[in-house]
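Single-letter residue listing:
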Amino acid sequence: MLTLYKDQFLACSIPCNLFSQVGSSMASLLYTTLMLIALISSPAICLAFPGFSFGWGVGSGSGGGEGSFGSSGDEPFGGGQGYPGLFPEFYSLSCPQANDIVMSVLESAIAKDPRMAASLLRLHFHDCFVQGCDASVLLDDSAMFASEKNSGPNSNSIRGFEVIDEIKSKLEEACPETVSCADILALAARGSTVLSGGPNWELPLGRRDAMQASLNGANNNLPPPNSTIQNLITLFRRQGLDEVDLVSLSGAHSIGMARCTSFKQRLYNQDGNNQPDSTLEMTYYNDLKTVCPQTGGDDNISPLDFESPARFDNTYFKLIMRGKGLLTSDQVLLTGNVEETMFLVKAFTEDDALFFDQFARSMVKMGNINPLIGYNGEVRKNCRMAN
């Protein structure tokens, strides 16, 4: 039976007899330490549980605040998950305007190109699945390594680098050498979701940037669009993500477009027998053939969710239920005969709020994949190259 975990609250408490159990000098040191923690953290919530109800991590955005966009309201989803060393208030003293700057750039960029929201969300995903959430995906070729941008899954596919550059430039003006490119990707992914009508969530921050990329990792760890359900499960488990995360994060395909080359196989030669994928609904199949001919047209694009391509909602799952998932990796969530993924597709189809909540939780979980913290890595001055 599949269980979706609800919020769990853990209050900070100090045993009354704690100070009586240690010497006076030790008690003084402990008291000072606790007071310092109290000064830099929420007065009511333990720093060790950064995902729960920290105000700054949500951020106001510009033009009325993130809560004013979409259907998530003022209350963030997905609380209760954190990673030691990451917490939403990380920049509250060093760069309190960081999220406002990110949101200001995003609002302008998405207004000009609605596709950009999906592109920035995808950048964060493609970053985290290769050696962790460390902004390695942003690095250009250097004498020391080949860029992940050259990998099969990324070449002529991922986009949005200029928007990240603009955010970084504005943050460097306001708070030099403070906000990492890895955190910019995480903030941009959340902001893009909110601006598209999706959920808000408490975002742990404090990631640092890698100084090298992994072309091999990008080629081997990113799920291809023609993945079987078992391949998807394997690649997600490799990152510490389960079937719940797989289905909820696949819901990012509620927005954005895909190139013909990523679904052409489904139309003309799904199983090596020159036949289409039998799970494709026939009318949808015929429509796709006009966009994606058997010869040529590889760069033609089609929306992943053709009913609401620029709005983040649960229509993606409704389309899968009707045999109208665009990619093989979308449709197999239902047709792959894995009980958990089938159950979740149906559950998210029926309950938009459930999808929003689990998507937020899974985004936080994905954002916690092997971050560089403390003195590991660096804070790049230019996201395209190491310092």
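Predicted model only: the values in this text are computed from it and were never measured. (Residues numbered from 1 in each chain as written. Predicted model: local features only at pLDDT ≥ 70, side-chain atom pairs only at ≥ 80, totals over all residues. Heavy atoms only, no water.)

## Points about the layout of surface pockets
Right, so step 1: Of the voids in this model, the largest pocket is the one considered here, and its volume is about 1000 Å³.
Right, so step 2: Lining the largest pocket are 43 residues, with Arg122, His126, Ser157, His253 and Leu327 sitting closest to its centre.
Right, so step 3: Broken down by class, the residue content of the lining of the largest pocket amounts to 24 nonpolar, 14 polar and 5 charged.
Right, so step 4: Split by domain, the residues of the lining of the largest pocket number at least three in each of domain 1 (97-219) and domain 2 (223-366). (1 Å grid on protein atoms, 1.4 Å probe; cavity = no way out; pocket = protein on both sides within 12 Å on 5 of 7 lines; lining within 4 Å. Points joined across faces, edges and corners; volume = space filled by probe spheres on them. Nonpolar A, V, L, I, M, F, W, Y, C, P; charged D, E, K, R; others polar. Domains from an automatic or database assignment.)

## Here we look at the nonpolar core
Right, so step 1: Counting residues in hydrophobic clusters, the biggest one holds 79 residues, and the most contacted among them are Leu106 and Leu138.
Right, so step 2: Residue contributions to this core peak at 9 residues, all from helix H5 (residues 181-195).
Right, so step 3: Lining this core are residues from two domains, each supplying at least three of them: domain 1 (97-219) and domain 2 (223-366).
Right, so step 4: By size, the runner-up hydrophobic cluster in this structure holds 13 residues, among which are Cys260, Leu267, Tyr284 and Leu288. (Core = buried A, V, L, I, M, F, W, Y, C linked by side-chain atoms within 4.5 Å. Buried < 20%, exposed > 50% of the residue type's maximum accessible area, 1.4 Å probe, protein only. Helix = DSSP H or I, 4+ residues; strand = E, 2+ residues; numbered from the N terminus.)

## What about the side chain of Ser329?
Right, so step 1: Considering the arrangement of structural elements, one finds Ser329 in helix H12 (residues 328-335).
Right, so step 2: Among residues more than four places away in sequence, those in contact with Ser329 are Pro224, Pro225, Ser227 and Leu232. (Contact = heavy atoms within 4.5 Å.)

## Side note on the side chain of Ser192
Right, so step 1: Along the polypeptide, Ser192 turns up in helix H5.
Right, so step 2: Relative accessible area serves as the criterion here: at 0%, Ser192 is assigned to the buried category.
Right, so step 3: Residues within four places of Ser192 in sequence aside, it is in contact with Leu106, Ile110, Ala117 and Leu120.

## Looking at helix H7 (residues 229-238)
Right, so step 1: Buried within H7 we find Ile229, Leu232, Ile233, Leu235 and Phe236.
Right, so step 2: Contact partners of the buried residues in H7: helix H3 (116-128), helix H6 (215-221), helix H8 (243-250), H12 and helix H13 (339-350).
Right, so step 3: Phi for Gly240, located one or two positions after H7, is positive at around 80 degrees.

## Looking at the environment of Phe145
Right, so step 1: Tracing the sequence through the fold places Phe145 in the loop between H3 and helix H4 (161-174).
Right, so step 2: Of the residues examined, Phe145 reaches a relative accessible area of 14% and is grouped as buried.
Right, so step 3: Residues Phe145 and Leu215 lie 70 residues apart in sequence; the distance between their C-alpha atoms is 8.1 Å.
Right, so step 4: Apart from residues lying up to four places away in sequence, Phe145 is in contact with Leu139, Asp140, Met211, Gln212 and Ala213.

## A closer look at the packing of H7 against H8
Right, so step 1: At a minimum axis separation of 9 Å, H7 and H8 run at an interaxial angle of 105 degrees. Accordingly, the angle class assigned to the pair H7 and H8 is roughly perpendicular. Seen from H7, the contacting residues are Ile229, Leu232, Ile233, Phe236 and Arg237; seen from H8, they are Glu243, Asp245, Leu246 and Leu249. (Axes fitted to C-alpha atoms, helices over the stretch in contact; angles between N-to-C directions. Parallel < 35°, antiparallel > 145°, perpendicular 65-115°, else oblique.)

## Thoughts on the environment of Asn387
Right, so step 1: Along the polypeptide, Asn387 turns up in the segment after helix H14 (352-367).
Right, so step 2: Distance from Asn387 to Met211, taken between C-alpha atoms, is 7.9 Å for residues 176 residues apart in sequence.
Right, so step 3: When sequence neighbours within four positions are dropped, the list of residues in contact with Asn387 reads Glu378, Val379, Arg380 and Lys381.
Right, so step 4: A distance of 3.0 Å separates a polar side-chain atom of Asn387 from the backbone oxygen of Val379.
Right, so step 5: Within the structure, the side chain of Asn387 is placed 2.9 Å from the backbone nitrogen of Lys381, a separation counted as a polar contact. (Polar contact = N/O pair within 3.5 Å; in protein donor to acceptor, adjacent residues only side chain to side chain.)

In short, geometric facts, not functional conclusions.
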